[in-house]
Amino acid sequence: MVILIDTNIILDHLIPNKSFADTADDLLTLCFQQKCNGFIAAHSITNIFYILRKQFSVYERKKMLIELCDFIEVVGIQKSQIINALINEDFNDLEDRLQVECAIMINADYIVTRNISDYSSSPIPVILPENFLKLIN
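Residues numbered from 1 in each chain as written. Predicted model: local features only at pLDDT ≥ 70, side-chain atom pairs only at ≥ 80, totals over all residues. Heavy atoms only, no water.

Attention now moves to the side chain of N88. Here N88 is to be found in the loop between α5 (79-87) and α6 (94-105). A residue is classified by how much of its surface remains accessible, and N88, at 18% relative accessible area, is buried. Polar contacts involving the side chain of N88 include one to the main-chain amide nitrogen of D90, which spans 2.7 Å. (Helix = DSSP H or I, 4+ residues; strand = E, 2+ residues; numbered from the N terminus. Buried < 20%, exposed > 50% of the residue type's maximum accessible area, 1.4 Å probe, protein only. Polar contact = N/O pair within 3.5 Å; in protein donor to acceptor, adjacent residues only side chain to side chain.)

Residues lying three or four places apart along an α-helix face the same way, a consequence of the helix completing one turn every 3.6 residues. Within helix α1 (residues 7-14), seven of the eight residues are buried, which leaves it mostly tucked inside the rest of the structure. Of the residues making up α1, those classed as buried are T7, N8, I9, I10, L11, D12 and L14.

Before going further, it helps to spend a moment on a nonpolar patch on the surface. There is a patch of nonpolar side chains on the surface, built from I82, I83, L86, I87 and L94 and spanning about 450 Å² of accessible area. Along the chain, I87 turns up in helix α5. Classification of I87 by relative accessible area gives exposed; the value is 57%. (Patch = residues over 30% accessible without salt bridge, like charges linked within 9 Å, V, L, I, M, F, W, Y side chains within 5 Å. Areas by Shrake-Rupley, 256 points an atom, 1.4 Å probe, with all protein chains shown as cover. Salt bridge = Lys/Arg side-chain N within 4 Å of Asp/Glu carboxyl O.)

With the rule as written, the count across this model stands at two aromatic pairs. Both rings, one in F32 and one in F71, keep their centres 5.5 Å apart while their planes meet at 90°; by these two values the pair is edge-to-face. One end of the pair, F32, is in helix α2 (residues 21-32); the other, F71, is in the loop between α4 (58-69) and β3 (73-75), and 39 residues separate them in sequence. We classify F32 as exposed; its relative accessible area is 57%. When the ring of Y110 is compared with that of F132, the centres are 6.1 Å apart and the planes differ by 70°; the resulting orientation is edge-to-face. On the criterion of sequence distance, the pair formed by Y110 in strand β4 (residues 110-112) and F132 in helix α7 (residues 129-136) is long-range, its members being 22 residues apart. When its relative accessible area of 21% is taken as the criterion, Y110 is described as partly exposed. Judged by relative accessible area, which is 0%, F132 ranks as buried. A cation sits over an aromatic face here: R61 above F49, 4.2 Å from the ring centre. (Phe/Tyr/Trp six-rings, centres within 6.5 Å; stacked < 30°, edge-to-face > 60°. Lys NZ or Arg CZ within 6 Å of the ring centre and 35° of its normal.)

So, in structure tokens, the structure goes:
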């Protein structure tokens, strides 16, 4: 099964003491164990690096992201996908639409996110991490 993991799930894993950390950890463990093929959008890497700047040093953030890339694949975005995202009338949030474009590119079975409502117009099914864990187990 191929999944695109939304930025919020990775943040749940990386930021200590978050209430969603256990579910995110379990999801990433499945990817690490190769029970599913996990992908993250390339632009999520830069977003995560920026968001974590107050909690972690540059060195720590680089180390975390390198370790993440050891078992999560990264999917890039092309100019044509950016244009598709920009002209899409169904999405107000460009970052969410770019996630969808990446999911389409990898033929994802699901986009795993906690923000289901942000993807109501997605042609790729969207699923909460806890529901994905139930599905795969």
